[in-house]
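Chain residues, written in single-letter form:
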Amino acid sequence: MGGLRYIDDVVTLQLDVTRCNGCGLCADVCPRGVFAIADRRASIVDLGACIECGACALNCVPGAISVDPGVGCAQAIIHGWLTGGEPSCDC
Amino acid sequence: MMQSAKEHDDEQQACCGPAPQSGGSCCGSTVESAASGRQSERCDATTREAGSERRQSSCCCAPAAPPAEYSYGAADYVTGTVETPVGAVPRVSRTLVRSDRLGAWRVGWGFDRDDYRVRPGMYAVGTPDVGAPVLVTANYKLTFDALRSSLGGLDAWLLVIDTHGINVWCAAGKGTFCADEVARVVHDARLGEIVDHRRLILPQLSAPGVAAHWVKQACGFRVTFGPVRAEDLPAFLATGMQADAAMREVTFTARERAVLVPEELSFVWDRRMLLAYAGILAASAVDRDGVSLSRGVRRGAPVIGAAWLALLAGGAATPLALPWLPGRAFSLKGALAGGVAAAGATALLRRRLSPAARLALLAGVPAVASYAAMNFTGASPITSPSGVEREMRRALPLQAAGGALAIGAWLASRMGR
């Protein structure tokens, strides 16, 4: 990523380690290196890199991960504001 | 990054590009069929099972059947067929030809980007046998081209699902690249009769839309998420489907950012901008002496020039210099680039600008550049929706204030003329 970072401390990602089964799929699907697996448990090692794409939560079978997923796109958010619906890339 | 012809997924440029269909989002009214309702329920079940808070709307799979009205046009990339127990499967070329590059160039500049599709279904690369890997991808032609041209000498099956011509990552975000659609195409292609294994390799960036365990339940095929970029597939397959950390991470290199610039600049001839030009020229043509077209052009052209300067600063300079511009918020980076551009233009033209015109330039260009740069969030793979929303709540009022100040100053600069 060449050190390219976005705004820290805003994302909705949460991990409940007690429900983790250590499958490691979260680390596999994350395109931003947010998770690491050690001793068959996932942990969040870089929360600020998270882009809330939702891949980890959707693929977490025991439901240890929660995130409010979406696309980090200003146009999508404006579209959501204007239509009162979900943000959607409709530009 | 989309035309770099190396990505499995051309990532986010298309997010704000190819609108899925008329009627808006994939979850919009166009897909409100009984079938999609059913799928939506099933996706919900998956969601509950996964315990995630994934929104229902991002999981309504596309239409149950490909839109009958869509004409896929010539398939120049098909070079023959491969016989299988279920019939002939088209074989596609591994090399891109001039028409592929022309198409990539065309959609890169924003022309007909929602009309660049491959017919969904099964394809062969090389001479795949019953044990050959099955690579699943989206039916955006740029994505398909990147995949087939990245496989080196590999023999593989390609399973193209219908994402309405949207790239992998955006389709996953919209919910059109999802487990039900993958399972549907697996069934339709009778994949179980073509190969003797039960494994699908999906691009990693489809994971926001695909619950791997649900694909297994729906069609019996196990999902392995491959690397982010198609160019890494040969290495991934050669090492027994092991992806290293670099294969798993999205990048946003200078080249990938540069490729996105034409699309950002194509806003110059966007319909809304053409209307704005007309408004500016009309407002400039009128004054107390009456209406004069030549006066409209003489006074309006510099305003349009200033708008282009702002779009260049926010839509080209900001993406290119992204890592080096200070701050985290794209709106701040864009405002700074716009500020530099405005200061430069003011210095160059200082003899010819009235104080009010100078103020208009210094307030308006950073405001518009900031807005343009903020819109680049959608094309970047590093922004979170929570972060974008936070920066927008802060930046939009300032951008509006800058714009209002610029318009006021411009009107004032015309007083007495």
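Residues numbered from 1 in each chain as written. Chains lettered and ligands numbered in written order. Predicted model: local features only at pLDDT ≥ 70, side-chain atom pairs only at ≥ 80, totals over all residues.

(A) Representation of the overall build of chain A in the model. Counting its secondary structure elements, chain A contains three helices and four strands. Going from the N terminus to the C terminus, chain A shows its helices and strands as β-α-β-β-α-β-α. With the C-alpha coordinates aligned to their principal axes, the bounding extent of chain A is approximately 45 × 30 × 20 Å. For chain A, with 91 residues in total, the buried portion stands at 51%. Look at the contacts in chain A between residues 6 or more apart in sequence, and 41% of them connect residues 24 or more apart. (Helix = DSSP H or I, 4+ residues; strand = E, 2+ residues; numbered from the N terminus. Buried ≥ 20, exposed ≤ 12 C-beta atoms within 10 Å, placed from the backbone. Contact = placed C-beta atoms within 7 Å.)

(B) Region of interest: the overall build of chain B. The helix and strand tally for chain B stands at 15 helices and nine strands. Evaluated residue by residue, chain B yields a buried proportion of 51% over its 417 residues. Relative to all contacts within chain B whose residues are 6 or more apart in sequence, the contacts with residues 24 or more apart total 71%.

(C) Representation of the pairing of strand β6 (residues 199-202) of chain B within the structure. Residue and element names in this part refer to chain B. Relative to strand β7 (residues 222-225), β6 runs parallel, the two sharing four bridges. By the bridge assignment, Leu202 is partnered in β7 with Phe225. This β-α-β element, β6 to helix α7 (residues 212-219) to β7, shows right-handed connectivity. (Pairing = 2+ DSSP bridges. Right-handed = clockwise from strand over helix to strand, strands pointing away.)

(D) Spotlight on the environment of Met273 of chain B. All names here are of chain B. Within the fold, Met273 resides in helix α11 (residues 271-285). Owing to 16 C-beta atoms within 10 Å, Met273 belongs among the partly exposed residues under this scheme. In the structure, Met273 is positioned 116 residues away from Trp157 in sequence and 45 Å away in space, judged by C-alpha atoms. Once you skip the residues sitting within four places of it in the chain, Met273 turns out to touch Phe267 and Val268.

(E) Seen up close, the interface of chain A and chain B. In this assembly, 48 residues from chain A lie in contact with 51 residues from chain B. Breaking the side of chain A that touches chain B down by element, the ones donating at least two residues are α1 (25-29), α2 (55-58), β4 (65-66) and α3 (74-83) of chain A. Sorting elements by how many residues they give to the side of chain A that touches chain B places α3 of chain A first, with four residues. Split by residue class, the side of chain A that touches chain B holds 29 nonpolar, 12 polar and seven charged. (Nonpolar A, V, L, I, M, F, W, Y, C, P; charged D, E, K, R; others polar.)

(F) Local environment of unusual backbone geometry. Phi at Asp9 of chain A takes a positive value of approximately 60°, unusual for a residue other than glycine. The residue Asp9 of chain A is located in the segment before β1 (14-15) in this model. Phi at His164 of chain B is positive, roughly 60°, even though this residue is not glycine. Here His164 of chain B shows up in the loop between β5 (156-160) and α4 (168-174). Here His164 of chain B falls in the buried class, since 26 other C-beta atoms lie within 10 Å of it.

(G) Inspection of the packing of helix α14 (residues 355-375) of chain B against helix α15 (residues 385-413) of chain B at higher detail. All names here are of chain B. Put simply, α14 and α15 touch, their axes get as near as 7 Å, and they point 150° apart. On the basis of their axis angle, the class for α14 and α15 is roughly antiparallel. As α14 packs across α15, the resulting crossing turns out to be left-handed. Across from Ala356, Ala357, Leu359, Ala360, Ala363, Gly364, Pro366, Ala367, Ser370, Tyr371 and Met374 in α14, the residues of α15 making contact are Glu391, Met392, Ala395, Gln399, Gly402, Gly403, Leu405, Ala406, Ala409, Trp410, Ala412 and Ser413. Tallied by class, residues from the contact of α14 with α15 come to 16 nonpolar, six polar and one charged. (Axes fitted to C-alpha atoms, helices over the stretch in contact; angles between N-to-C directions. Parallel < 35°, antiparallel > 145°, perpendicular 65-115°, else oblique. Left-handed = near helix turned anticlockwise from the far one by under 90°.)

(H) Expanded view of the environment of Arg394 of chain B. Residue and element names in this part refer to chain B. Considering the arrangement of structural elements, one finds Arg394 in helix α15. Taking the number of C-beta atoms within 10 Å as the measure of exposure, Arg394 has 12 and is therefore exposed. Taking the C-alpha atoms as reference, Arg394 lies 9.2 Å from Ser331; in sequence the two are 63 residues apart.

(I) Representation of the confidence of the model for chain B in the model. All names here are of chain B. Considering every residue of chain B, the mean pLDDT works out to 84; 83% of them sit at 70 or more. Here residues 1-65 is a poorly scored stretch, pLDDT under 50, and it has 184 contacts once near neighbours within four places are set aside; other chains count. ipTM for the predicted complex: 0.93, alongside a pTM of 0.82. (pLDDT = per-residue confidence, 0-100.)

(J) Molecular detail of the packing of helix α10 (residues 254-265) of chain B against helix α12 (residues 293-320) of chain B. Residues and elements named next belong to chain B. Two elements in contact, α10 and α12, have axes separated by 8 Å at closest approach and are oriented at 165°. Taken together, the axes of α10 and α12 lie roughly antiparallel to each other. The way α10 lies across α12 gives a crossing that is right-handed. Where α10 approaches α12, its residues Ala254, Arg257, Ala258, Leu260, Val261, Glu264 and Leu265 are matched on the opposing element by Leu311, Gly315, Ala316, Pro319 and Leu320. Class assignment of the residues belonging to the contact of α10 with α12 gives a composition of nine nonpolar, one polar and two charged.

(K) Summary view of the confidence of the model for chain A. Mean pLDDT over chain A: 91, with 95% of residues reaching 70 or higher. Confidence scores differ between elements of chain A, with α3 of chain A showing the lowest mean pLDDT of 89 and β4 of chain A the highest of 98.

(L) Structural view of α3 of chain A. Considered for burial, the residues of α3 of chain A that qualify are Ala74, Gln75, Ala76, Ile77 and His79 of chain A. Looking at the packing, one finds that the buried side of α3 of chain A touches α14 and α15 of chain B. At the C-terminal side of α3 of chain A, Gly84 of chain A shows a positive phi close to 70°.

(M) Quick look at the nonpolar core. Ranked by size, the top nonpolar core spans 138 residues in total, and within it Leu159, Val182, Val210, Val215, Val365 and Ala369 of chain B carry the most contacts. Of the domains in this structure, domain 1 (2-251) and domain 2 (255-413) of chain B are the two that each give at least three residues to this core. (Core = buried A, V, L, I, M, F, W, Y, C linked by C-beta atoms within 7 Å. Domains from an automatic or database assignment.)

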